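# Working through the structure, step by step
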Amino acid sequence: MSKIWVLGDGQLGAMLRHAGMPLDVEVCPIDINADVLPELSPEDKVTAEREQWPSTPVTQALEQHPNFLNRLVFPKLADRVTQKQLLDDLDLSTAPWMVVSDGVDEASIHQQLGDNVLLKRRSGGYDGRGQHWLRSCNNDKIPADWHNHAIAEQAINFDEEVSLIGARDIKGNVVFFPITLNLNTDGILMATVAPVDRIAHLQAEAERMLGKLLESLDYVGVLAMEAFRLGDSLMINELAPRVHNTGHWTQAGSSISQFEYHVRAVAGYPTIPAQIKAPSVMINLIGTPWDERWLAIEGAEVYWYGKDHRPGRKLGHINFCSSDTAQISSQLDQLKDLLPEQYQPAIQWVQTNLT
Ligand code: ATP
Ligand code: MG
Ligand code: MG
């Protein structure tokens, strides 16, 4: 039996563990602050469900293991400066940007990047946290202590947001899911739909971009690429060196989920192309308390993470998959009645984009 240690013990680690079971791969997510150190064997593999981590006895123990895959990729992608430099070096389109270094002020940022600029903390941000808009019309200021800890990005007036999830195995074979269409509201992912016919023509370009990244990083496992669609072209927003929220639909809609791909790749098994079953939808459950009535909706595949309730926190998700999109739509109507008001536009967005 192979054993994979996962640095971090959130929902992504739990879903990796779930995916390892049918393959008899023991996946062990581990709390970075645990008191007891993991007992690592030389043949074990190590991966992570988060992009960065503080130095703790547990993370130090895991980091020292020679089979920590993509070990050097994490710090490179966890800092937005080196991540953006990587995209520039590979000549992959991304929003124009600059480092908010000591001598930089609002005027110089607007001069270089335009009137509307999004400041992003270099590291640690997620779900839109660690972002600050700098609009010249509002006379917005750079927050105190953000100098040297942030980048500035030109505001992109994109048509919509998409993502591509790919996996590469130890032999260098790569596989990709269909491009996913994503709805982010206030920086947090609300819902995804895939596959979507009207964006299928962008698949080859998206695969070229992510393929280049997978190769150049000599990456093993699942890598996610968030992008903006501007007409018929794509601009990379950011990368995540792990399984990704926009790939959760693959639990329902693909013969091999993103979690299984990651387990396969890290364990040294092959990553063959998956069969995509039918149109799929994922709805994130954000700050919404558990509701048993979700389980009574036909077709709803509920994942509940068992985390403490906090407003704005991702607590679970629900997948739907069916070749009968009208059926998904009516199932979503039932779900709509069981979710707070702010879900109405997200569910309507999904229903409009189901093909
Ligand atoms: P995640 O939870 O996906 O890791 P994050 O906090 O790392 O999110 P980003 O993905 O960089 O942040 O940005 C969050 C959202 O903010 C994007 O999905 C998009 O909707 C919006 N956004 C990001 N960059 C820009 C930009 N340059 N112009 C306009 N909108 C942007
Ligand atoms: Mg991010
Ligand atoms: Mg993002």
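Residues numbered from 1 in each chain as written. Chains lettered and ligands numbered in written order. Predicted model: local features only at pLDDT ≥ 70, side-chain atom pairs only at ≥ 80, totals over all residues.

In the annotation of an unreviewed UniProt entry, the entry for the chain reads N5-carboxyaminoimidazole ribonucleotide synthase, and the organism field reads Sessilibacter corallicola. Listed in UniProt under the heading Sequence similarities (unreviewed entry), the comment for the chain reads: "Belongs to the PurK/PurT family." The chain has a UniProt comment under Catalytic activity (unreviewed entry) that states "5-amino-1-(5-phospho-beta-D-ribosyl)imidazole + hydrogencarbonate + ATP = 5-carboxyamino-1-(5-phospho-D-ribosyl)imidazole + ADP + phosphate + 2 H(+)". (UniProt positions renumbered as here; feature names shortened; annotations may be inferred.)

Strand order in the open sheet formed by 3 strands is β2-β1-β3, and the pairing between neighbours is parallel. Of all the strands in the sheet, just β2 (25-30) and β3 (45-48) have a single pairing partner and so form its edges. On average, each strand axis in the sheet is tilted by 25° relative to the strand beside it, whichever way the strands run. Here strand β1 (residues 2-7) pairs with β2 via 6 bridges, running parallel. Each residue of the ladder has a partner; that of Lys3, found in β2, is Glu26. The strands touched by helix α1 (residues 11-20) are β1 and β2; relative to β2, the strand with the most contacts, the crossing angle is about 170°. The strands that helix α8 (residues 258-267) touches are β1, β2 and β3; relative to β1, the one it contacts most, it runs at about 115°. (Pairing = 2+ DSSP bridges. Helix = DSSP H or I, 4+ residues; strand = E, 2+ residues; numbered from the N terminus. Axes fitted to C-alpha atoms, helices over the stretch in contact; angles between N-to-C directions. Contact = placed C-beta atoms within 7 Å.)

Before going further, it helps to examine the packing of helix α9 (residues 325-336) against helix α10 (residues 344-353). Orientation of α9 relative to α10, taken along the N-to-C sense of each, is 180°, at an axis distance of 10 Å. Accordingly, the angle class assigned to the pair α9 and α10 is roughly antiparallel. For the pair α9 and α10, contact is made by Ser329, Leu332, Leu335 and Lys336 and by Gln344, Ile347, Val350 and Gln351, respectively. Each residue belonging to the contact of α9 with α10 can be placed in one class, and the counts come to 4 nonpolar, 3 polar and 1 charged. (Parallel < 35°, antiparallel > 145°, perpendicular 65-115°, else oblique. Nonpolar A, V, L, I, M, F, W, Y, C, P; charged D, E, K, R; others polar.)

By definition, the strands of a sheet pair up through backbone hydrogen bonds, in either a parallel or an antiparallel sense. The sheet built from 4 strands is open, its strands ordered β4-β7-β5-β6 with antiparallel pairing. Where the open sheet ends on each side, the last strands, each with one partner, are β4 (97-99) and β6 (131-135). Going from strand to strand, the sheet's axes swing by 25° on average, the running direction of each strand aside. Sheet topology note: the β4/strand β7 (residues 150-154) ladder contains 3 bridges and is antiparallel. Bridge pairing links Met98 to Ala152 in β7. Helix α4 (residues 80-89) contacts β4, β5 (116-121) and β7 of the sheet and is inclined by roughly 45° relative to β7.

This next bit is on the nonpolar core. Membership of the largest hydrophobic core comes to 79 residues, with the highest contact counts inside it found for Leu16, Leu223, Met225, Val263 and Val281. Take this core: its biggest share by element is 6 residues, from α8. Residue assignment places this core across two domains, with domain 1 (2-68) and domain 3 (160-353) each supplying three or more. Apart from residues lying up to four places away in sequence, Val281 is in contact with Ala191, Val193, Trp249, Asn319, Phe320, Ile328, Val350 and Leu354. Counting 10 residues, the second largest nonpolar core, distinct from the first, contains Ala95, Val100, Val117 and Leu118. (Core = buried A, V, L, I, M, F, W, Y, C linked by C-beta atoms within 7 Å. Buried ≥ 20, exposed ≤ 12 C-beta atoms within 10 Å, placed from the backbone. Domains from an automatic or database assignment.)

This next bit is on unusual backbone geometry. A cis amide bond links Ala194 to the next residue, Pro195, at an omega of -15°. Positive phi, close to 55°, is recorded for Asp24, a residue that is not glycine. Note that Asp24 resides in the loop between α1 and β2.

This part takes up the site of ligand 1. As a structural note, the neighbourhood of ligand 1 is formed by 17 residues, with Ala95, Tyr126, Glu153, Ile156 and Asn184 the closest of them. Looking at the shell around ligand 1, the elements with two or more residues in it are β5 and β13 (233-240). A class-by-class count of the residues in the shell around ligand 1 yields 5 nonpolar, 5 polar and 7 charged. (Near = placed C-beta within 6 Å.)

Looking now at helix α6 (residues 203-216). When the terminal C-alpha atoms of α6 are compared, their 20 Å separation across 14 residues agrees well with the 20 Å that a helix rising 1.5 Å per residue should span. Considered for burial, the residues of α6 that qualify are Ala206, Met209, Leu210, Leu213 and Leu214. With its buried residues spanning 135° around the axis, α6 presents them on a single face. Exposed and facing more than 90 degrees away from the buried side of α6 are Ala204, Arg208 and Ser216. Against β8 (160-168), β9 (174-176), β12 (221-230) and β13 lie the buried residues of α6. Where α6 terminates, the next one or two residues include Asp218, which has phi positive at roughly 50°. (Expected span 1.5 Å × (residues − 1). Arc of directions from axis to C-beta.)

Let's shift gears to the environment of Val263. With respect to the element layout, Val263 can be found in helix α8. Note on Val263: 30 C-beta atoms within 10 Å, which makes it buried. For the pair Val263 and Ala300, spaced 37 residues apart in sequence, the C-alpha to C-alpha distance is 25 Å. Excluding residues that lie within four positions of it along the chain, Val263 makes contacts with Ile4, Leu16, Ala19, Gly20, Leu23, Val25 and Val27.

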